[in-house]
Amino acid sequence: MENLIVQKYGGTSVGSVDRIKRVAKRIVDRADEGKKMVVVVSAMGKQTDHLVEMAKSINPNPPSRELDVLMATGEQESIALLAMAIQALGHSVISLTGAQCGIKTSEVHKKARIEGIDTSRLQREIETHQVVIVAGFQGIDDRDEVTTLGRGGSDTSAVALAAALKAESCEIYTDVDGVYDADPRIVPDAKKIDEISYQEVLEMASLGAGVLHTRSVELAEKYKLPLVVRSSFNDNPGTLIKEEVNRMEKVLIRGIALDEDIAKISILEVPDKPGIAFRLFSFLAAQNIHVDMIVQNVNRTAVNDISFTVNVDELQKAVEVSQKFAFDVGAQKVEFDQGVAKLSIVGTGVVANAEIASQFFEALYELGINILTISTSEIKISCLIDKERAKEAMVHIHKKFEM
C-alpha cells in the first residue's frame with residue numbers, strides 16, 4: 001500500500017500512561033506528515049508475566065487454550081488506551097484485535113504461527129481513519145479460537161502485516177537505540193550497529209540476544225522488507241536490517257549473544273541402535289518442544305549418552321518426554337542442568353576463519369572456563385558454559401575482539 005508505514009511499540013514503550021501519551025504524540029506527528037499508519041502494540045510493561053503468574057496461582061498447570069484467552073487481553077488493553085490517547089489529540093483512529101484485522105494462525109496454543117492475513121478490513125480502516133492500532137502477539141485459528149504467537153510475537157505480527165499490506169517499511173520501536181554488538185546492560189562498551197544483514201541479526205536473535213523475534217526476521221528476509229530498530233524515547237537513526245551488507249571477504253564479528261534461559265538435558269546409556277535419535281527427537285517435536293544444541297557421546301560398547309538444550313520454559317515438559325523415552329528404550333536415567341548458558345559470536349565467515357575460533361576458545365581458557373558443548377554454523381560459534389561465569393565471559397570476549 002502506497003505511503004504506508006507499519007510501526008511496532010514494545011511493552012516498555014507503552015508501560016505507563018505517560019509513555020502511552022508520548023507514543024500517541026509520535027504517531028500523530030508522523031500521520032500529520034501524510035503517512036498512513038498501522039501501529040502494532042505489545043502488552044504494557046510486565047502485564048503478560050503478571051497474567052501468567054495470576055493464572056498459575058489459580059491453576060499450577062493452566063490449560064493452553066484458556067491461557068491464550070487470558071494473555072491476549074494484555075494487548076487489547078494497550079490498543080484501547082493508545083487509541084484513546086490519539087483520539088484525545090484530535091486524530092481519527094481505530095483499534096483492532098488480531099482476529100478483527102484478519103490474522104489467521106495455526107491451531108497451536110501459546111506459540112502459533114501466522115498462516116495468512118485477510119487485509120480487507122485493514123485496508124478499509126486505513127482509508128477511513130489513517131491510523132489503525134493493532135494488537136500484536138495474537139490471532140485466530142480455523143476453529144475461531146484465540147491463539148498467541150509466543151514471546152516476542154508482536155514483532156512477527158508487525159512484519160507480517162507490513163508484508164501483507166506491502167508497506168514501505170516496518171519500524172520496531174524499543175527501549176534501546178537499535179541493535180548492539182552485545183547486550184549494553186552487560187557490556188558497558190557495547191556499540192550500536194548502523195546496518196546489519198537479515199542472516200546476522202537472525203542468528204543473534206536465535207542465540208538469545210533479545211534483539212527481535214526470530215520469526216519476524218525470517219519474514220522480513222522472505223519478503224525483502226526493510227526493518228528499522230529504533231528507540232521510542234528519542235529520534236536517533238537506529239539500526240537498518242536489510243539484505244547482505246557487502247564486505248567482500250572481510251571477516252567481521254558483528255555481535256556477541258548470551259542466552260541464560262536454557263537448560264541441558266542428558267539421557268544416559270541409551271542403546272546404540274538405528275532410529276533411536278529419530279525416536280527421541282520426533283517425540284519432542286510432537287510436543288512442539290524446540291531443541292537447540294545436540295551432542296551424542298559414545299560411552300562404551302552398544303550405549304550412548306545423548307544431551308541437548310531446551311528453553312527453560314519447556315524444561316518440565318521436555319524432561320517428562322525424555323523420561324518416557326528412556327523408560328521405553330531401556331536407557332539408564334535422565335539428568336538435567338539449569339546452571340548453563342550459551343555464549344555465541346556471530347559474523348559472516350567466522351567458521352571459515354580458524355583464527356576467530358582460536359581467539360574465542362582462548363578467551364574462555366584465559367578465564368579458566370570449561371566448555372561443555374560447541375555448536376557452529378556458517379556465521380556463528382556457540383559454546384555451552386557455566387551460567388555463573390557467562391556475563392564475565394561476554395565482557396572479556398568483547399574486549400578480546402576489540403569490538
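Keep in mind that this is a model prediction, so the values were computed, not measured.

Rules and cut-offs
The residue numbers shown here count from 1 along each chain, following its written sequence. With pLDDT at 70 or above as the cut-off, local features in this predicted model cover only qualifying residues; side-chain atom pairs require 80 or more to be listed or tallied, and sums for whole chains, interfaces and linings still use all residues. Side-chain numbers here rest on the full set of heavy atoms in the structure, without hydrogens or water. An automatic or database domain assignment is the source of the domain bounds shown. In this analysis, two residues are considered to be in contact whenever any of their non-hydrogen atoms come within 4.5 Å of each other. The quantity reported as buried area is the accessible area (1.4 Å probe) lost by two parts once they are put together, taken as the sum for both. Salt bridge, as applied in this entry: a Lys or Arg side-chain nitrogen positioned within 4 Å of an Asp or Glu carboxyl oxygen. Any N or O atom pair separated by 3.5 Å or less is treated as a polar contact, with the protein-specific requirement of one donor-capable and one acceptor-capable atom, and with residues adjacent in sequence counted only for side-chain atom pairs. The helix and strand labels rest on DSSP assignments: H or I over at least four residues marks a helix, E over at least two residues marks a strand, and numbering proceeds from the N terminus. Think of it in three bands: residues with accessible area under 20% of the maximum for their type are buried, residues over 50% are exposed, and the middle band is partly exposed, with areas taken using a 1.4 Å probe on protein chains only. The sign given to each residue is positive for Lys and Arg and negative for Asp and Glu; His and the chain ends receive no count.

Colleague: Sorry if this is basic, but what is going on with the domain arrangement of the protein chain here?
Modeller: It is common to give the size of an interface as the accessible area that goes away when the parts come together. You can read the domains of the protein chain as domain 1 (2-240) and domain 2 (247-402). Relative to domain 2, the C-alpha centre of domain 1 lies at a distance of 30 Å. With 20 residues of domain 1 in contact, the opposing surface of domain 2 contributes 23 residues. Between domain 1 and domain 2, a total of about 1700 Å² is buried, with carbon and sulfur atoms accounting for 61% of that surface. Of all residues in domain 1, I186, E200 and L207 give up the largest surface area on contact with domain 2, accounting jointly for 37% of the area buried on that side. At the surface where domain 1 touches domain 2, the tally comes to two salt bridges. One salt bridge in this structure joins R254 and E200, with 3.3 Å as the shortest N-O distance. Counting every contact that joins domain 1 to domain 2 gives seven residue pairs in polar contact (both at pLDDT 80 or more). Elements represented by at least two residues in the side of domain 1 that touches domain 2 include exactly β10 (195-197) and α6 (198-206).

Colleague: Could you clarify how one ought to interpret the side chain of D177 in this entry?
Modeller: Mapping D177 onto the fold places it in the loop between β9 (169-174) and β10. No salt bridge is formed by the buried D177; the nearest opposite charge belongs to K192, separated by 6.8 Å. Within the structure, the side chain of D177 is placed 2.9 Å from the side chain of N234, a separation counted as a polar contact. Among the polar contacts listed, one links the side chain of D177 to the side chain of N236, at a separation of 3.2 Å.

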